[in-house]
Each structure stands twice: as structure tokens, then as C-alpha cells.
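Breakdown of the fold
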Amino acid sequence: MTVIVNPMALSWKHSNASGIFCKENAQGQMELVGWPAALGAYPSQAQVDTWKDEYLLVDAKTKRLTALGALAATKLALGWTYGGKVYQCHYDEKTKTDHLGNMERFINAYSFYMREIPGWATLTAYVTGDKVQVGGVLYKAVSNHTSGVWLTDLGGGLWVPWFFHPKKDGDGKWRALDNSMNTLTLAQCKTMCEGAVNYAMSIQAQAVVHKDAINAFSTAVDVNAYDITTNWPTNT
């Protein structure tokens, strides 16, 4: 009985078992010429064709999922555009999350720190360096004074905006993809950070949609025909 095989499929199906031998025939096809008793009965053409289809399906899925991962990484690398500047994404191997620099940590620190900063109050004694928040923006006192009316005190130079950073007091700068350092207000930082994280999460969600679709296919032809380039979010 002549059985035409795909040697790669045989090796995959039987984990490179010894005793399986193939040879090329005059038509350039690979014939099965040796089969170990340990693997059971000599396979039929229908059996090896089934193994070939199984192998081709697994191989196609592996390649498409690898391509999907590379495409998602490329989308992340485009970065998040805010204020005309691009802030680049990266994948954190330690936390296994997609984000932009330390922006997720910044948001967490922002949320915590804002609870610790009191709101401005009238008829209150402030000293240089005191910090208050008004309308979601932080301010720092530049001189000792007793507060009166907020807009009057602000206009009088008693307060200046304070750019919060979770690591270094006063550093409100973020490095963009063009390597420029950009000073953002606290509100701008929060907006930019949240947009960036949502962008990365949207990429991850779309990658899962594509992954599930690929894994649901039962033939290599369907896997290879599937378009993984659709429905990705934009980075603005």
C-alpha cells in the first residue's frame, strides 16, 4: 500500500518518533516506507491526510497569532498623540501590561495624592510652599499670607500652578517620541495619561477579538484568509 505523506506532519503528530521512514518517489512525492510497531497499525492514506490537515491548521494558527502579536506591538509603538506630541507605548515585562512609560503609575499616584492635597480656603494662614487644589489644579504658595478671595490672591501672585510628578516635586514634564520634554498641567497630564492607557487597552482588546476568531477556525485555509488588520483603534 502506497501512502503519500507530509514528513513534517508525521514528525509533529508522533513527536519525532524513531522508526518512521519516508522517501521521495519518481513524482517528487514523499512515500511512507517504514512504520514502527510501537505506533500501532500501519496508517492509511486517509489517516495521514487527517494528520496533515491537523498539522497545517496548527502551523497556520501559530504563524497568524505570531503575526497578530507583532501587529499589536506595532500599533502600540505608534504611541498616543496628545497636544500634537506622541508619547510612545511599551510593554512592561515585569507587570505584563501595556502602557506608556510610568503613566499608569502616575494616574494611581495622582488619584492618591489629590486626596492628600486640601482645597483652598479663605481666611486661612498659608506659608511658602503650602499646596492647595482648586478646580482639579494644584497650586503652591510663594509667600506667607492669610487668604482672602481666591482670584484676587491668585492674581496678586500669591499662588503659582504646581506641576505634580509622583517621583520628583515640581517636575511635570513628559518625554515625547521626538525626545522633547513637554510641561503639562496636572489636568492635562491626567487627560493624556488616561487617553494613553485607554488606547493601549483598546489595542489589547482588539487583539483578543482577532485571537479568538483565529482560534475558532477549523481549517488552515480559513486561518490564512482571515484579515488581522481590521478594526484597530487610532492613536489620537
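Residues numbered from 1 in each chain as written. Predicted model: local features only at pLDDT ≥ 70, side-chain atom pairs only at ≥ 80, totals over all residues. Heavy atoms only, no water.

1. Some remarks on the overall build of the protein
We count it as follows: In this text, helices come from DSSP runs of H or I with a minimum length of four residues, and strands from runs of E with a minimum of two, each type numbered from the N-terminal end. Remark: exposure states derive from per-residue accessible area (1.4 Å probe, protein chains only) relative to the maximum for the residue type, with buried under 20%, exposed over 50%, and partly exposed in between. Each accessible area value is a Shrake-Rupley result obtained with a 1.4 Å probe; residue values ignore everything except the protein chains displayed when judging cover.
Across its full length, the protein holds 6 helices and 13 strands. The buried share of the protein, reckoned over its 236 residues, is 33%. When the accessible area of the protein is evaluated, it comes to approximately 13,300 Å², of which 56% is carbon and sulfur surface.

2. Comments concerning helix 2 (residues 45-77)
An α-helical turn contains 3.6 residues, so any two residues separated by three or four positions project in the same direction. Threshold: Under the convention used throughout, the expected extent of a helix is 1.5 Å for every residue step, that is, one less than its residue count.
In this model, helix 2 (33 residues) spans 48 Å end to end at C-alpha, consistent with the 48 Å of a helix rising 1.5 Å per residue. Those residues of helix 2 that fall on the buried side of the exposure criterion are Val48, Trp51, Tyr55, Leu57, Ala60, Lys61, Arg64, Leu68, Leu71, Ala72 and Leu76. Looking at the residues trailing helix 2, positive phi occurs at Gly79, about 80°.

3. Notes on the pairing of strand 1 (residues 21-24)
The following threshold applies: The criterion for strand pairing is that DSSP finds at least two bridges linking the strands in question.
Across 4 bridges, the pairing between strand 1 and strand 2 (residues 30-34) is antiparallel. Residue pairing in the sheet places Phe21 in a bridge with Gly34 of strand 2. Connecting the antiparallel pair strand 1 and strand 2 is a turn made up of 5 residues, with Gly28 showing a positive phi of about 85°.

4. With respect to the nonpolar core
Cut-off, in case you're wondering: Only buried Ala, Val, Leu, Ile, Met, Phe, Trp, Tyr and Cys residues count toward a nonpolar core, and they belong to the same one when joined by side-chain atoms within 4.5 Å. The contact rule is simple, with two residues in contact once any of their heavy atoms fall within 4.5 Å.
Counting 23 residues, the largest nonpolar core has Ile203, Ile214, Ile228 and Trp232 as the members making the most contacts within it. When residues of this core are traced back to their parent elements, those giving at least two are helix 2, helix 5 (186-216) and helix 6 (220-225). With 8 residues, the top contributor of residues to this core is helix 5. Excluding residues within four positions of it along the chain, Trp232 makes contact with Leu68, Leu71, Ala72, Lys75, Ile203, Gln206, Ala207 and His210. Membership of the second largest hydrophobic core comes to 8 residues, among which are Val3, Val5, Ile20 and Val48.

5. Focus on the packing of aromatic side chains
Under the convention used in this document: Pairs were defined over the aromatic rings of Phe, Tyr and Trp, the Trp ring being its six-membered one, requiring ring centres within 6.5 Å. Orientation was assigned from the angle between planes: stacked under 30 degrees, edge-to-face over 60, tilted for the rest.
Following the criterion strictly, the structure yields 7 aromatic pairs and no others. Each residue in the set Trp120, Tyr126, Tyr139, Trp150 and Trp159 is aromatic and connected to the rest through ring pairs, giving one cluster.

6. Things to note about the pairing of strand 9 (residues 137-141)
With 4 bridges joining them, strand 8 (residues 131-134) and strand 9 adopt antiparallel strand pairing. By the bridge assignment, Lys131 is partnered in strand 9 with Lys140. Inspection of the sheet shows strand 9 paired to strand 11 (residues 159-161) by 3 bridges, in the antiparallel sense. Within strand 11, the residue paired with Tyr139 across the bridge is Pro161.

7. Considering the sheet that holds strand 11
Quick reminder of the rule: What counts as an axis is a line fitted to C-alpha atoms, over the stretch in contact for a helix, and the angles between N-to-C directions run from 0 to 180 degrees.
The 3 strands are arranged 8-9-11 in an open sheet whose pairing can be described as antiparallel. This sheet does not close on itself; its edge strands, each paired only once, are strand 8 and strand 11. Averaged over neighbouring strand pairs, the angle between their axes works out to 40° when direction is ignored.

8. Topic: unusual backbone geometry
Even without being a glycine, Ser15 presents a positive backbone phi close to 50°. Here Ser15 is to be found in the loop between helix 1 (7-13) and strand 1.

9. Brief notes about the confidence of the model for the protein
Predicted coordinates in regions of low pLDDT should not be interpreted in detail. Condition: pLDDT measures the predictor's confidence residue by residue and takes values from 0 up to 100.
Confidence in the prediction for the protein averages 82 pLDDT; 80% of positions are at 70 or higher. Confidence drops under a pLDDT of 50 for residues 95-102, and excluding neighbours within four residues, the segment shows 26 contacts in the predicted structure. Below a pLDDT of 50 lies the segment residues 165-171, which in the model reaches 11 contacts outside its immediate sequence neighbourhood of four places, other chains included.

10. Some details on the environment of Asp212
If you trace the backbone, Asp212 turns up in helix 5. Accessibility expressed as a relative area gives 49% for Asp212, which makes it partly exposed. Counting along the chain gives 147 residues from Asp212 to Leu65, while the straight-line C-alpha distance between them is 10.0 Å.

11. Quick word on the side chain of His145
Selection criterion: Two N or O atoms form a polar contact when they lie within 3.5 Å of each other; inside protein one atom must be a possible hydrogen donor and the other a possible acceptor, and for residues adjacent in sequence the pair counts only when both atoms belong to side chains.
With respect to the secondary-structure elements, His145 resides in strand 10 (residues 145-146). In terms of polar contacts, His145 uses its side chain to reach the backbone carbonyl oxygen of Ser143, at 3.0 Å. What His145 contacts, discounting residues up to four positions off in sequence, is Thr124, Ala125, Tyr126, Asp153, Leu158 and Trp159.

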